[in-house]
Amino acid sequence: MLSKSPLQGLLVAIFIVLVSILIYNLYIKKNDEFLLDNSSDKQIKVVLNGKDYFLAAGQSLTVPILAGKNTISSQDINGNSILKDTFFVINGNKRGLINPSFATYITFRRYYGHIKNIDSLYKIYRKRIDGKEFIGEVNEYNQLLIQDFYYNINQNFPKIITKVDSIESRIKLFRKSQFLEFYRSTFE
């Protein structure tokens, strides 16, 4: 007579795999997406690839973007044109921010891992913004399309990264006001 233990073991293994997939999808997986963002204090209307988007002050939306050529225009609440009909091209990158009001955004690189003198990695870079000096790899952007970062404005830096056998770094995109608050609370 055959034992049911191999079948029970298989069912337990399948259950563990399904729970692991669920946990990954809900808590760990980082979605690649494009955000359409209005960091200004006024509502704007954006026409992206023929579709209208109304963004309240400080609002961002996840938008579908096509690989290749995309069209965009934007105007303020009074109908004044901010961005006339133009286009931008996406080549293979699945993450980015569309800045229809040409506001200032800032990227910051954070280091992870067991580093004996981590401060030395930050101190080799210095950037002056609005008369104040910031230590670390800080870059300013105010163009229509911003890419080449790891965490978008709606995502936070993780407290730790599980890979600890080497130095890792991640770049996060911030609205200017978000960055100033982050830097003040983290490094000052």
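In what follows, the structure referred to is the one given above.
Being a predicted model, the structure only gives us computed values, none of them experimental. (Residues numbered from 1 in each chain as written. Predicted model: local features only at pLDDT ≥ 70, side-chain atom pairs only at ≥ 80, totals over all residues. Heavy atoms only, no water.)

Asks: Which residues make up the nonpolar core, and what are the values?
Replies: By size, the foremost hydrophobic cluster in this structure holds 16 residues, and its most contacted members are Leu48, Val63, Ile65, Ile72, Phe88 and Ile98. Ignoring sequence-local partners within four residues, the contact set of Leu48 consists of Tyr53, Val63, Ile65, Thr71, Ile72, Phe88 and Ile98. Ile129, Val138, Phe157 and Phe174 belong to the second largest nonpolar core, which has 15 residues in total. (Core = buried A, V, L, I, M, F, W, Y, C linked by side-chain atoms within 4.5 Å. Buried < 20%, exposed > 50% of the residue type's maximum accessible area, 1.4 Å probe, protein only. Contact = heavy atoms within 4.5 Å.)

Asks: Break down the packing of aromatic side chains for me, citing the residues and quoting the values.
Replies: Tallying each qualifying case throughout the model produces 17 aromatic pairs. Put simply, the rings of Phe108, Tyr111, Tyr122, Phe134, Tyr150, Tyr151, Phe157, Phe174, Phe179, Phe182, Tyr183 and Phe187 pair up and form one aromatic cluster. The positively charged end of Arg170 is found above the aromatic ring belonging to Tyr150, 4.5 Å away from the centroid. The ring of Phe174 carries the charged tip of Lys172 above its face, separated from the ring centre by 4.6 Å. (Phe/Tyr/Trp six-rings, centres within 6.5 Å; stacked < 30°, edge-to-face > 60°. Lys NZ or Arg CZ within 6 Å of the ring centre and 35° of its normal.)

Asks: Go over unusual backbone geometry, please, and point to the residues and values.
Replies: Here Asn49, not a glycine, exhibits a phi torsion of approximately 50°, which is positive. With respect to the helices and strands, Asn49 occurs in the loop between strand 2 (44-48) and strand 3 (51-55). Judged by relative accessible area, which is 30%, Asn49 ranks as partly exposed. In the Ramachandran plot, Asp148 falls in the positive-phi region, its phi being about 65° despite a non-glycine side chain. By secondary structure assignment, the location of Asp148 is in the loop between strand 12 (145-146) and strand 13 (168-175). (Helix = DSSP H or I, 4+ residues; strand = E, 2+ residues; numbered from the N terminus.)

Asks: Give a description of the pairing of strand 5 (residues 68-76) that names residues and reports values.
Replies: By the bridge criterion, 5 bridges tie strand 2 to strand 5 in an arrangement that is antiparallel. Across the sheet, residue Val47 finds its bridge partner in strand 5, namely Ser73. As paired strands, strand 5 and strand 6 (residues 81-90) are joined by 7 bridges and run antiparallel to one another. Within strand 6, the residue paired with Thr71 across the bridge is Phe87. Hairpin connection of strand 5 to strand 6: 4 residues between the antiparallel strands, including Gly79 at a positive phi of 90°. (Pairing = 2+ DSSP bridges.)

Asks: Summarise the sheet that holds strand 7 (residues 96-98); cite the residues concerned and give the values.
Replies: In any sheet, the strands associate via hydrogen bonds between backbone groups, in a parallel or an antiparallel arrangement. Taken in spatial order, the 4 strands of this open sheet run 4-1-7-12, and their pairing is mixed. Both edges of this open sheet fall to strand 4 (60-63) and strand 12, since each of them pairs with a single strand only. Two elements, strand 1 (residues 34-37) and strand 7, share 3 bridges in a ladder whose sense is parallel. Bridging from a neighbouring strand, Leu36 pairs with Ile98 of strand 7.

Asks: Lay out a nonpolar patch on the surface with the relevant residues and their values.
Replies: On the surface, Leu7, Leu10, Leu11, Ile14, Val17, Leu18 and Ile21 cluster together to form a nonpolar patch covering roughly 660 Å² of accessible area. Topologically, Val17 is positioned in helix 1 (residues 5-28). (Patch = residues over 30% accessible without salt bridge, like charges linked within 9 Å, V, L, I, M, F, W, Y side chains within 5 Å. Areas by Shrake-Rupley, 256 points an atom, 1.4 Å probe, with all protein chains shown as cover. Salt bridge = Lys/Arg side-chain N within 4 Å of Asp/Glu carboxyl O.)

Asks: Describe the pattern of salt bridges, naming the residues involved and giving the relevant values.
Replies: Inspection of every chain in the model, using the stated rule, returns 6 salt bridges. A salt bridge links Arg126 to Glu133; its shortest N-O distance comes to 3.3 Å. By relative accessible area, Arg126 is classed as partly exposed at 48%. One salt bridge connects Glu181 with Arg184, and the closest N-O pair in it is separated by 2.5 Å. Within this pair, Glu181 and its partner Arg184 are both found in helix 3 (residues 176-187), separated by 3 residues, close to a single helical turn. Overall, the relative accessible area of 44% leaves Arg184 in the partly exposed class.

Any functional reading would require information beyond the geometric quantities listed.
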